[in-house]
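Coordinate analysis (summary)
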Amino acid sequence: MKPSDARQGAGYWYPPSGEGSTAEAATGVDVLNALRAYRNVESGLRRRLSQRLSINETDLGALRYLLSVWHRDQGASPKDLALALGISSASTTLVIDRLEKAGFIRRRRHPVDRRAVILEPGERATDEFRSAFDIEKQGVLAAADGLTSEETETVTRFLRNMEQAIADAVSQPERSQDA
């Protein structure tokens, strides 16, 4: 097989699906390649948004999480943020310090438990800031809204199966190189 006959996805070469037909049925490889392409575009969008806001991608993830919490009129603690990001409490403190210094968030004492801290929007968490996140959200929702209910069920099942497969792979003990 010539390289021009294969498709490339995230650094891997896959053989073409089907031979000779112009109306080929999509294969699992096509689905994975489409998923990789989406993830690459999404990653590029996150990088541009990080640059636009002059923050790193971890801080951007923190802001994305906090916006979703605030959108539901809920408060978020540093511990909630650490769990959402999957980082240590020390790293979370650094993220909060950077975001607070940049004016994206502010800390305030919990109204009931004065020992606890709640994170709330800062002066830079404006409509412009929120609209930057809405660009992606609107496009993705428009694509999802174009699906039939059967397609929605299929895509949802596929993504949950992918999530479970990755979670299972991560929870497996690493095999020894000697085995």
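Quick summary incoming for the structure in this document. (Residues numbered from 1 in each chain as written. Predicted model: local features only at pLDDT ≥ 70, side-chain atom pairs only at ≥ 80, totals over all residues. Heavy atoms only, no water.)

1. Examining the overall build of the chain
The criterion, for reference: Numbering of helices and strands runs from the N terminus, with a helix taken as a DSSP run of H or I at least four residues long and a strand as a DSSP run of E at least two residues long. Accessibility here uses a 1.4 Å probe with only protein chains present; expressed as a share of the type maximum, an area under 20% marks a residue as buried, one over 50% as exposed, and anything in between as partly exposed. In these tables, accessible area is a Shrake-Rupley quantity obtained with a 1.4 Å probe, and a residue counts as shielded only by the protein chains included in the view.
Within the chain, the regular secondary structure consists of 6 helices and 4 strands. Along the chain, from the amino end to the carboxyl end, the secondary structure elements read β-β-α-α-α-α-β-β-α-α. Here the chain holds 179 residues, and the buried ones make up 22% of them. When the accessible surface of the chain is summed, it comes to about 12800 Å², and 53% of that surface belongs to carbon and sulfur atoms.

2. Focus: the pattern of salt bridges
This is how the line gets drawn: Within this document, salt bridges are pairs made up of a side-chain nitrogen of Lys or Arg and a carboxyl oxygen of Asp or Glu, the two lying within 4 Å of each other.
Evaluation of the coordinates by the stated rule reveals 9 salt bridges. Linking Arg46 and Glu57 is a salt bridge whose minimum nitrogen-to-oxygen distance equals 3.5 Å. With Arg46 in helix α1 (residues 28-53) and Glu57 in helix α2 (residues 57-71), the pair connects residues that are 11 residues apart, well separated along the chain. Looking at Arg46, the relative accessible area reads 24%, which means it is partly exposed. You can call Glu57 partly exposed: its relative accessible area is 35%.

3. Some thoughts on the layout of surface pockets
Under the convention used in this document: Every definition here rests on a 1 Å grid over the protein atoms only: cavities are sets of points where a 1.4 Å probe fits but cannot get out, pockets are open sets enclosed by protein on both sides within 12 Å along at least five of seven lines, and lining residues have some atom within 4 Å of a point. Grid points are joined across faces, edges and corners, and a volume is the space filled by probe spheres set on the points. Residues are grouped as follows: Ala, Val, Leu, Ile, Met, Phe, Trp, Tyr, Cys and Pro are nonpolar; Asp, Glu, Lys and Arg are charged; every other residue, Gly included, is polar.
The computed volume of the largest pocket comes to approximately 490 Å³. Along the wall of the largest pocket there are 14 residues; nearest its centre are Arg64, Ser68, Phe133, Asp134 and Lys137. For the lining of the largest pocket, the secondary structure elements donating two or more residues are α1, α2 and α5 (127-145). Residue composition of the lining of the largest pocket, by class: 5 nonpolar, 2 polar and 7 charged. Quantified by volume, the second largest pocket comes out at close to 420 Å³. Considering the residues around the second largest pocket, the lining is formed by Val31, Ala34, Leu35, Tyr38, Arg39, Val140, Ala143, Ala144, Leu147, Val155, Phe158 and Leu159. Those elements that provide at least two residues to the lining of the second largest pocket are α1, α5 and α6 (149-171). Looking at which element gives the most residues to the lining of the second largest pocket, the answer is α1, with 5 residues.

4. Re unusual backbone geometry
Not every positive phi belongs to a glycine, and Ser54 is a case in point at roughly 60 degrees. In this structure, Asp73 takes a positive phi of about 55 degrees despite not being glycine. Tracing the backbone through its elements, the reader meets Asp73 in the loop between α2 and α3 (78-85).

5. Examining the environment of Thr152
Applicable threshold: Throughout, a residue-residue contact means that at least one pair of heavy atoms, one from each residue, lies within 4.5 Å.
Along the chain, Thr152 falls in helix α6. Residue classification places Thr152 among the partly exposed positions, given a relative accessible area of 33%. Residue contacts for Thr152: discarding those within four places in its chain leaves Ala144 and Leu147.

6. A word on the packing of α1 against α2
Basically, it comes down to this: Axis lines are fitted to C-alpha atoms, over the contacting stretch for helices. Their N-to-C directions set the angle, which ranges from 0 to 180 degrees. By the definition adopted for this analysis, an angle is roughly parallel if under 35 degrees, roughly antiparallel if over 145, roughly perpendicular if from 65 to 115, and oblique otherwise.
Running from N to C, α1 and α2 cross one another at 95 degrees; their axes reach a closest spacing of 9 Å. Of the possible angle classes, the one that applies to α1 and α2 is roughly perpendicular. Each of Arg46, Arg47, Leu49, Ser50 and Leu53 in α1 lies in contact with α2, whose residues at this interface are Glu57, Leu60 and Arg64. Broken down by class, the residue content of the contact of α1 with α2 amounts to 3 nonpolar, 1 polar and 4 charged.

7. Quick look at the packing of α2 against helix α4 (residues 89-101)
The interhelical angle for the contact between α2 and α4, taken along N-to-C directions, is 80 degrees, at an axis separation of 10 Å. By the angle between their directions, the pair α2 and α4 is classed as roughly perpendicular. Residues Thr58, Asp59, Ala62 and Leu63 of α2 lie in contact with α4, whose contacting residues are Val95, Arg98 and Leu99. For the contact of α2 with α4, the class distribution of residues is 4 nonpolar, 1 polar and 2 charged.

8. Brief notes about the nonpolar core
Proteins that are soluble and globular tend to have nonpolar side chains buried together. Let me state the cut-off plainly: The definition of a nonpolar core used throughout is a set of buried Ala, Val, Leu, Ile, Met, Phe, Trp, Tyr and Cys residues joined through side-chain atoms within 4.5 Å.
In this structure, Ile55, Leu63, Leu66, Leu99, Phe104 and Ile105 are the most contacted members of the largest nonpolar core, which totals 19 residues. At the level of secondary structure, the elements contributing two or more residues to this core comprise α1, α2 and α4. For this core, the leading source of residues is α2, giving 7 residues.

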